[in-house]
Amino acid sequence: MKRSERKPSVGETNSSNSDAAGVDTHTPVQPQDLGKASCERPNAKIKRLVSNMSNATGESFQSSFQGSVDAEKTRRVSRMLEQCEAVGWPFRKKLILANLNLSFVDIPIEGICSEKIGPFLYKLSLRGNSIFVVPHSLVTRLMGLKTLDLSNCGLEELPDVWDLPSLKKLCLGRNKLTTFPSDGLFRGSPMLENLDMYENGLTELRLPNELALLSRLEHLNLNYNLIATIPAYDLSMLRALKTFKIMSNCITIVPELVCEMDLRVLDVMSNPLIQPPLETCARGLSSMRRYYTCLRVEEGSERSNPKRFLRATAHSSNISEIALMSRTGSLEGTVTTDETQEVLVGLDEANKKTGEIAINDTLKVVFVGMALSGKTSIIKRLIEGESARMPSLDDRTVGVDIYPWRPSEKCDNETSNVKNDPSKSIFEAPLNTQIEVNENLQSRLKAPLDVKFSMWDFAGQDCYHATHELFFSSRALYVLVWDMAANNPQTVWRRTSLTLSEEEQGEFNLLDSSDEEDEDNYLFDSVEKRRSIRALEKDIDDKVNFWVETIQASAPGAAILPVASFDDYFSEQEATMRCKIMKDRLLRKEMTRIEGMKQRLDKFHSSQEGDSREAMLVEKLLSPWNRPKLIFGINGDDVIRVSSETGSGFDSLAAGIVNVATGRETGQWPYPVFHGHIGARIPCLWLEVRNLVRKMRERFKVVESGYFLNELMAKGIDNPDDISDALHFLTNIGELSYFGERRNPHDNHHDLIESSTSISVARQSSYGDDLKSVSSSTPRHQSSSSSVETKSSSFGFDDFIFLNPRWLVAAIACILRHDLTREIYEVRRLIAETKGSIQEVKADELSDVVDTDLNYPVISSRDVFLLWQTKRFTQKAAVKALQYSNNDKVTPFDFLQKILVRFSVFVPVDLTCDRACLGGKDFTHFNANGIDSYEDGHAKFFFIPSLLGPEEPKDAWTFKSVDSWKTTLCHTIVFPDGSPPGLMERLTGSILNDFNTTSASASDGITDTSLRLKETLCWRSAFLLRIAVDVIDGGTVAESIVDIFVTLVDQESVYCVASDSMSVGMRKLIISARGQSGDYGSKIWKGGYMRWSRVVSLNTNATAVKLTFLPSSDSTTCSCSECQIACPQCLSCRPIAQCSVWNPPTLFTLAEKDSLIRCRYGHGVDIRLLTALQGQFKNIAIKPSTTSFSYLKDSNEADTVPISKILKSVVFVGVWDEVSQRIFHTGSGFFVDHKRGFIVTAGHILLDSTWRETRAGKIVIGVIPSDSENVCCFRYFARIISKDPSIKDNGFCTVDACVLQLLSRMESDVFHNGKEIGEQPEMLLMNNPDAMKREKLTSLSVTEKVELDETIRILGFNQGGEGLIEPGSEVHRSADFARVMRFAASEISEQAVSKSFQPRSEIVVICPTIGGHSGGPCINQQGEVIGILSRVDPTDKQRCYLVPSSEFNPLVKEAKRVLVYGL
């Protein structure tokens, strides 16, 4: 389609780092908004300049030129002319003036056409300059010019006179041209070979009258225009034409004459094609030629009577013209009416009679959605009506169920017999199921053409998501069922009336307008409404948008009909609101994707990369034909809502499905959605194949392709390519499943498959021999005709044909089950019992038993075969297929296993590394038992990512490092609108596949066979690899360890780097590695980080996102801004949420000036550490740093909050005994709320051994005066206001913490532990806000975010003598701190400390034990409290336990509620 460009303003300029005329010099311009702005036509002044400039002298031009542009632009253009003029033989002159923001008057016409440049110039580029009019001199005076690039110049018309006798290539793309060039252009360019006119506004392809003018034309690009027809006869006269591209136009017919031309490339995709059918055109030029050949064969004498040759579909609005299209593409205006005329019939009604034209009347409808969303109930209601039995929870779909549906047949509710009486319809309004046919063709209908459906009900469980793309097709309607979040209680708007008025709160009103902290503790309706809406939007993203992206990834441009179920659960207002939010969110996300791709495409064009593979991919994805077609209800108004319980809404749903299929409902689309599929003419040969499939399905579930070909040969069909076309069509309408010539859209390593395929039955153990023995004992069928050996494709995916798709799904469901381990053991036990010796089997056969569970889904190839062989339905079908097979080298189970590997459902893994931990299960014992992971080069073990449980990795990774000689690198990809579905599963499969195949990445030149996998840990959203590589250090070989961590996170994740710059809904892919920092991190990059960064890049390219850590070969900038590179110093000393990041273009721009770059916090980093430029990529000259720097601890110290600022908030806590007049049971604490006087401390300080009663005495609080450095004085008395509620409820404590409230202040500060404490008069602070404010207390911030190996400090008042204070008998009032040596993980205690104390969650730190620090805050480098010190390990005095802030924060909130409500 035509896309407009913004006209650059006169003031816009561009800068360039280097100017050159002998090389392609360009400067990027600002991204332009495609499709919104338009360029104005040249005004009268410009037209006058056109006539004046053609005759201007050099002096007058120079004066005009100097006066119309600024000095900088003049200097640059003049220098380019000088450099071009200086180029001499044998070098050719070329002048690249692209993207310089030149206007028409800025072009140095006389300089270009001068005697020193003009005759010798072979290439001229004015791309990206808004000149609007082509200068006459440039197309008449450059006799030696061979390439002229006028793309994106705002041209609306071309000169009539051209005189470029040497011109071979002319680029006119991305302009405003509406007509094809006139004869004058081609007459003046007799050598023209390449003409590019993509993305203009051409509405007609009108070739010149003298076709001889285009006798040399080889390449014609007319993509992205508005052309409706192809002049077949005229185009066929261009004998030299080899490439014809007319993608994304309005073409409906590809004439036969065009297909018969000697073309190498014919690109007609993204058009409303009806002839040949869409699936045929999608398979390429050869398939289109075969299609027309089939039609010629069935017509017999097609050349003698072209008027009788009926073409096309039956539901187009222009069916009278389309159906009578002749082979040359011309239109027949009349219709023959003799008795021998062709008649239109459906697929099932075709009887192979002469004159019958078979029309496709079957559509595949795929129901998708999450589990328990009601898909099966909806299908049963549609087919069976009110008599449908609703499935129970035990009847949930396993894999997929397939149902035929013929809505034209009216079903009697009582007898379920087919009736023809419309009154018996299960729908209130009768459905118009007839495919629309023009009135001129009504007489040719043998019977009404009613649309039929093949309904596919896909299971919604997570484990089956990876298998769905095996059955997805762009020629299917996807009914996306959403339960309107009926099963998500978070989306319920809980209105409350708990808030008290100011009068009810009395004098001590805590809800003043300036107290923002308190507002978060109260539920207001507006806040609750926003919360529920955000929860609803998240539910939509997880349950609806997930499927939209999944469908789009596997079937671009598919039609999607969202349907809301559980309508009876909500009121009319609530249901309407939820559906509106869903519709708006889907449309907004689609617009965001489109805008992002437009911006990337603009960057490609502005940087002269518009012809790159990535740019063409983005442009193709931008085509409206390749965007998901979201259809919202009838006429696109409201989302269809249904209720399976009440039966409401099914009239609208049935009408919506039927109308979309027949073309009556287009969903705001200019053409019927299934244009070229429903109603398309089908060759009789395809019907012959279909008939054989249905006949063989009675005997076979799966059939070997060689035997299938032999059966067709007996019927006179002997062309394998024709048969392949037919099988693909039958796959699209849901008749069978065929994988020949089909590639996984997410896979970029096609060479990995053969090395990781399954084990053939011949190589199996005695278990695997069972199938072979059974098949060998059965007499093998011999075909009556000459046997055809199966000729596999390059990937071997056409060895077998699944005649029954349900058998394929059921076979996969045997593996993808939650009780896989139990099933394997049951199968092995059954086999053992049949062999009579369980012990023998256990000893000899069960040595490689793999326990498989949700968290560690690994299965052996042997067990895969066992499960299939012991199921009667799979074993019987496989034996039958082998009995009639012409290929004894592969079995159906071999083929099925290969398919699952191909689509990454199975991932070959090596379990013989030092440690293999998949999903938390350690498989290292396989190495100890001497079990090989590969046999004859084939995988024996498979990892199943889709069976991973929902658990997230906890404490698996840290960006910190306790070793100064190590550093952490981190690169990220930001997905602004959510991540692609199944991204982590694909990454996990690709990474493991890459490592376990020796051919991986060989083309990149970065394969290192010395890499050894020492440890593997996998989760659903992350994986961790430990890689070992041998390095030479000082003449000796040493082992270098590199840890690589990849995870997909959201803003709230503890692993989300730079999350402060993210917004809600964004996702980020984290790729991080830790290893030795020496030699600019070369050991990290060579230790696998570079290799797998490329693998990640290849997988993200499948989503039109380009990830670049390394500079490209021809540019110092990256073409995508989604990639971010984190500062290693920020990772080591700052919270990861606040890390500074760069984008790659910024890095490579800075690299040209200095190798040292600084982040926003001032950390100095060498760019070679971040980009792997140490001696491996020489195309970028890194200037040595002029600033001396090193990774010193100064930067860490600068980011650390001084202890002196924190100690003022740390308090001494003790119990003062009024009898003995002394303080005992001492500890520490900190102010958590200075306004209310709240203190957090350890509970065991103030509570007795039973944790039920407070110790006898008064709680005394000591603080450090403002005039003292670290010595406290006793100043306050306090009370316990909240403690662990489990003490009262369960009789034991789970949180060693309590919250204190200041009660009163002593009249004078006390500096001794004696009776002075009890003699001081007290001033009341509780319920006295003014007095509390005068105390000028300071509180510490609390955070729940913690990181492994983070540097932290524990503050408190030392009573044990360790640290800086000597032990003594007195209570020490001096504050002290302990720097933690190692920070461990948050963990659940393995066993209770005592019956009365059972901690629920604790953080482990490694530091010396200091008495008196109990209850003291543990702070990070930013001065935030992450926990308080609780206890010490009795067996290891260096191991201490903290109460996490997440545990005592609820106590603080409870204290606030107690203070307000007196609870």
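Located above this text is the structure these notes cover.
### Observations concerning the state of the cysteines
Here is step 1 of the chain: According to the stated counting rule, one finds zero disulfides in the structure shown.
Here is step 2 of the chain: Considering cysteine sulfurs only, Cys 1293 is the nearest to Cys 1298, which forms no disulfide, with 9.3 Å between them.

### Considerations on helix α9 (residues 285–299)
Here is step 1 of the chain: If you check α9, its first and last C-alpha atoms are 21 Å apart, about what 15 residues at 1.5 Å a residue would give, namely 21 Å.
Here is step 2 of the chain: Every buried residue of α9 is listed here: Leu 285, Ser 287, Met 288, Arg 290, Tyr 291, Tyr 292, Cys 294 and Leu 295.

### Comments concerning the packing of helix α19 (residues 684–697) against helix α20 (residues 705–713)
Here is step 1 of the chain: Look at α19 against α20: their axes get within 11 Å of each other, and the N-to-C directions meet at 120°. When the axis of α19 is compared with that of α20, the two are oblique. For the element pair α19 and α20, the recorded crossing hand is right-handed. In this structure, α19 contributes Val 689, Leu 692, Val 693 and Met 696 to the contact, and α20 contributes Tyr 707, Phe 708, Glu 711 and Leu 712.

### Focus on the sheet that holds strand β28 (residues 941–943)
Here is step 1 of the chain: What the three strands build is an open sheet, ordered β22-β28-β23; its pairing is antiparallel. At either margin of the open sheet sits one strand with a lone partner, and together these are β22 (858–860) and β23 (907–908).
Here is step 2 of the chain: Note that β23 and β28 share two bridges and pair antiparallel. Counted as the bridge partner of Val 907 is Phe 943 from β28.

### Comments concerning the pattern of salt bridges
Here is step 1 of the chain: Under the definition given, this model contains 47 salt bridges.
Here is step 2 of the chain: Lys 543 serves as the salt-bridge partner of Asp 539, at 3.1 Å between the closest nitrogen and oxygen. Here Asp 539 and its partner Lys 543 are both found in helix α15 (residues 525–554), four residues apart, which amounts to about one turn of the helix. Both residues of the pair, Asp 539 and Lys 543, count as buried.
Here is step 3 of the chain: Shared partners join several salt bridges into a network, and the residues in it are Asp 348, Arg 406, Arg 690, Arg 694, Arg 697 and Glu 735.

### Comments concerning the sheet that holds strand β2 (residues 121–125)
Here is step 1 of the chain: Read across the sheet, eight strands follow the order β1-β2-β3-β4-β5-β6-β7-β8 without closing on themselves; strand pairing throughout is parallel. Either end of the sheet is taken by a strand with one partner, and the two such strands are β1 (93–96) and β8 (265–267). This sheet shows a mean twist of 5° between the axes of neighbouring strands, independent of strand direction.
Here is step 2 of the chain: In the sheet, strand β3 (residues 147–149) pairs with strand β4 (residues 169–171) via three bridges, with the strands oriented parallel.

### Focus: the side chain of Ser 1304
Here is step 1 of the chain: Its location among the elements puts Ser 1304 in strand β43 (residues 1298–1310).
Here is step 2 of the chain: Its relative accessible area of 5% is what places Ser 1304 among the buried residues.
Here is step 3 of the chain: Within the structure, the side chain of Ser 1304 is placed 2.6 Å from the side chain of Glu 1322, a separation counted as a polar contact.

### What about the nonpolar core?
Here is step 1 of the chain: Core analysis: the largest hydrophobic core is formed by 102 residues, its most contacted members being Phe 244 and Phe 708.
Here is step 2 of the chain: The biggest single contributor to this core is α19, with six residues.
Here is step 3 of the chain: Discounting chain neighbours no more than four positions away, the residues touching Phe 708 are Val 689, Leu 692, Val 693, Met 696, Val 703, Ile 723, Leu 727 and Ile 801.
Here is step 4 of the chain: Grouped together as the second largest cluster of nonpolar side chains are 80 residues, Ala 476, Val 639, Leu 808 and Leu 947 included.

### Topic: the packing of aromatic side chains
Here is step 1 of the chain: Counted under the stated rule, the structure contains 33 aromatic pairs.
Here is step 2 of the chain: Ring plane angle 50° and centroid distance 6.0 Å describe the contact between Phe 458 and Phe 471, whose orientation is recorded as tilted. Here Phe 458 is found in strand β15 (residues 452–458), whereas its partner Phe 471 is found in the loop between α12 (465–468) and β16 (476–482), with 13 residues between them in sequence.
Here is step 3 of the chain: Ring geometry for Trp 868 versus Phe 893: centroids 5.5 Å apart, planes at 35°, classification tilted. Linking Trp 868 in helix α26 (residues 861–870) with Phe 893 in helix α28 (residues 892–902), this pair joins segments that are 25 residues apart in sequence.
Here is step 4 of the chain: Given the relative accessible area of 0%, Trp 868 is considered buried.
Here is step 5 of the chain: Ring pairing ties together the aromatic residues Phe 739, Phe 800, Phe 802, Trp 807, Phe 895 and Phe 903, which thus form one cluster.
Here is step 6 of the chain: Cation over ring: Lys 364 sits above Trp 456, and NZ or CZ is 4.1 Å from the ring centre.

How each quantity is defined
Residues numbered from 1 in each chain as written. Predicted model: local features only at pLDDT ≥ 70, side-chain atom pairs only at ≥ 80, totals over all residues. Heavy atoms only, no water. Disulfide = S-S within 2.5 Å. Helix = DSSP H or I, 4+ residues; strand = E, 2+ residues; numbered from the N terminus. Expected span 1.5 Å × (residues − 1). Buried < 20%, exposed > 50% of the residue type's maximum accessible area, 1.4 Å probe, protein only. Axes fitted to C-alpha atoms, helices over the stretch in contact; angles between N-to-C directions. Parallel < 35°, antiparallel > 145°, perpendicular 65-115°, else oblique. Left-handed = near helix turned anticlockwise from the far one by under 90°. Contact = heavy atoms within 4.5 Å. Pairing = 2+ DSSP bridges. Salt bridge = Lys/Arg side-chain N within 4 Å of Asp/Glu carboxyl O. Polar contact = N/O pair within 3.5 Å; in protein donor to acceptor, adjacent residues only side chain to side chain. Core = buried A, V, L, I, M, F, W, Y, C linked by side-chain atoms within 4.5 Å. Phe/Tyr/Trp six-rings, centres within 6.5 Å; stacked < 30°, edge-to-face > 60°. Lys NZ or Arg CZ within 6 Å of the ring centre and 35° of its normal.

Worth remembering: the numbers are spatial, not functional.
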